[in-house]
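Coordinates in review
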Amino acid sequence: MEIINNLKNVLLKSEKPSEYFENLKHEKKLDGFFTELKYLINLPQNEHYHKEGDVWTHTMLVLDEAAKRRSIVKNPFGFMLSALCHDFGKAMTTEKVNGIIHSYGHEKEGLPLVKSFLKRLSVNQEITDYVLNMTEYHMMPNIMAEAKSRIKNTNKLFDSAVEPFDLIQLAICDGLGKIPQKNDSEEFLMMRFSKFTEIMSRPYVMKKDLINAGINERLDEVLVHSHKMRLAGFDKENSLRQTVAYARKVLKIK
């Protein structure tokens, strides 16, 4: 319990949480409780994107960047744990292909490691769900920012996130926690987050609207379609009209 309390204190109060973990590394005390972190030591990365060195070094840089932003996120403890855990999967996926180091799929492959680590911490289910969600999606905001993805796609991503604002902050920290720093995504992501927030504040199609329109079966399935219309930016009236047409023509609901 003491080590858990120390960890929480470090993650929520220290200006440079990396110092705590560097000390554990130096004193060879990562075994057992922080085994997943130990796997990141000397684990190579693609030098084109990560001139800072191994995955451990990157994680420590991200952690310190996250400490600068933890006061503005919705879930500070979960956020800091996400920064700590986000690249656990690289220990399982890192390989050299044609002379180039890749870690394809590490964001999803690492979820069992993250889950095991969080179970050891005895955190509650809300924190567990939050960290797993943040870890799974941590790469997508920067990928979408670089591709200048359509609003529909960024809306779908934010809708999949437990806390979309926090996810954006983690992605920004991930970009800043490397050499050279990647710091060109924040403006795009915050602009898209504002648009997502505005869209989600609008009136939307509910079950009672479908029933009033004559749709009385498979309502949950039909609502999934209307939600897609909502994320695409359709107003309630157009969304309802298209959803009813979908229910009649595609689902064959009379």
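Notes on the structure in this doc start here. (Residues numbered from 1 in each chain as written. Predicted model: local features only at pLDDT ≥ 70, side-chain atom pairs only at ≥ 80, totals over all residues. Heavy atoms only, no water.)

**A few points about the pattern of salt bridges**
- All told, the structure shown has 13 salt bridges when counted by the stated rule.
- Taking the shortest distance from any N to any O, the salt bridge between Asp31 and Lys38 comes out at 2.7 Å.
- Where Glu163 meets Lys74, a salt bridge forms, and the shortest distance between an N and an O atom there is 3.8 Å. Taken as a pair, Glu163 in the loop between helix H11 (151-160) and helix H12 (164-176) and Lys74 in the loop between helix H4 (55-67) and helix H5 (76-85) lie far apart in primary sequence, 89 residues in all.
- One salt-bridge network, in which partners are shared between bridges, spans Lys195, Glu198 and Arg202. (Salt bridge = Lys/Arg side-chain N within 4 Å of Asp/Glu carboxyl O. Helix = DSSP H or I, 4+ residues; strand = E, 2+ residues; numbered from the N terminus.)

**Some words on the packing of helix H13 (residues 186-200) against helix H15 (residues 219-231)**
- Their axes nearest at 10 Å, the elements H13 and H15 cross at an angle of 130°. Relative to H15, H13 is oriented oblique. Touching Phe196, Ile199 and Met200 of H13 are His227, Arg230 and Leu231, all from H15.
- A per-class count over the contact of H13 with H15 returns four nonpolar, one polar and one charged. (Axes fitted to C-alpha atoms, helices over the stretch in contact; angles between N-to-C directions. Parallel < 35°, antiparallel > 145°, perpendicular 65-115°, else oblique. Contact = heavy atoms within 4.5 Å. Nonpolar A, V, L, I, M, F, W, Y, C, P; charged D, E, K, R; others polar.)

**A look at the nonpolar core**
- Counting 58 residues, the largest nonpolar core has Phe21, Phe34, Phe79, Leu81, Phe117 and Leu121 as its most contacted members.
- When residues no more than four places from it in sequence are discounted, the contact partners of Leu81 are Leu7, Leu11, Phe117, Leu118, Leu121, Val123, Ile127 and Val131.
- Ranked by size, the runner-up nonpolar core spans ten residues in total, among them Leu210, Ile215, Leu223 and Leu251. (Core = buried A, V, L, I, M, F, W, Y, C linked by side-chain atoms within 4.5 Å. Buried < 20%, exposed > 50% of the residue type's maximum accessible area, 1.4 Å probe, protein only.)

**Side note on the packing of H11 against H13**
- Close contact between H11 and H13 brings their axes to 10 Å; oriented N to C, the two are set at 75°. In terms of their interaxial angle, H11 and H13 are classed as roughly perpendicular. Residues Ile151, Thr154, Asn155, Phe158 and Asp159 of H11 form the contact with H13, whose participating residues are Phe188, Leu189, Arg192, Phe193, Lys195, Phe196, Ile199 and Met200.
- Grouping the constituent residues of the contact of H11 with H13 by class yields eight nonpolar, two polar and three charged.

**Some words on the layout of surface pockets**
- Its boundaries defined by the atoms lining it, the largest pocket holds a volume of some 770 Å³.
- In terms of lining residues, the largest pocket is bounded by 27 residues, among which Tyr49, His50, His106, Met139 and Lys178 are the most central.
- Every element with two or more residues in the lining of the largest pocket is listed here: strand S2 (100-102), helix H7 (106-109), helix H10 (140-147) and H12.
- Among the elements that make up the lining of the largest pocket, the one with the highest residue count is H10 (four residues).
- Within the lining of the largest pocket, the residues separate by chemical class into seven nonpolar, 13 polar and seven charged. (1 Å grid on protein atoms, 1.4 Å probe; cavity = no way out; pocket = protein on both sides within 12 Å on 5 of 7 lines; lining within 4 Å. Points joined across faces, edges and corners; volume = space filled by probe spheres on them.)

**A few points about the packing of aromatic side chains**
- Enumeration over the complete set of coordinates arrives at eight aromatic pairs.
- Both rings, one in Phe21 and one in Phe34, keep their centres 5.6 Å apart while their planes meet at 90°; by these two values the pair is edge-to-face. Of the two residues, Phe21 sits in helix H2 (residues 18-26) while Phe34 sits in the loop between H2 and helix H3 (35-38), which places them 13 residues apart along the sequence. No difference in accessibility class separates Phe21 from Phe34, as the two residues are buried. (Phe/Tyr/Trp six-rings, centres within 6.5 Å; stacked < 30°, edge-to-face > 60°.)

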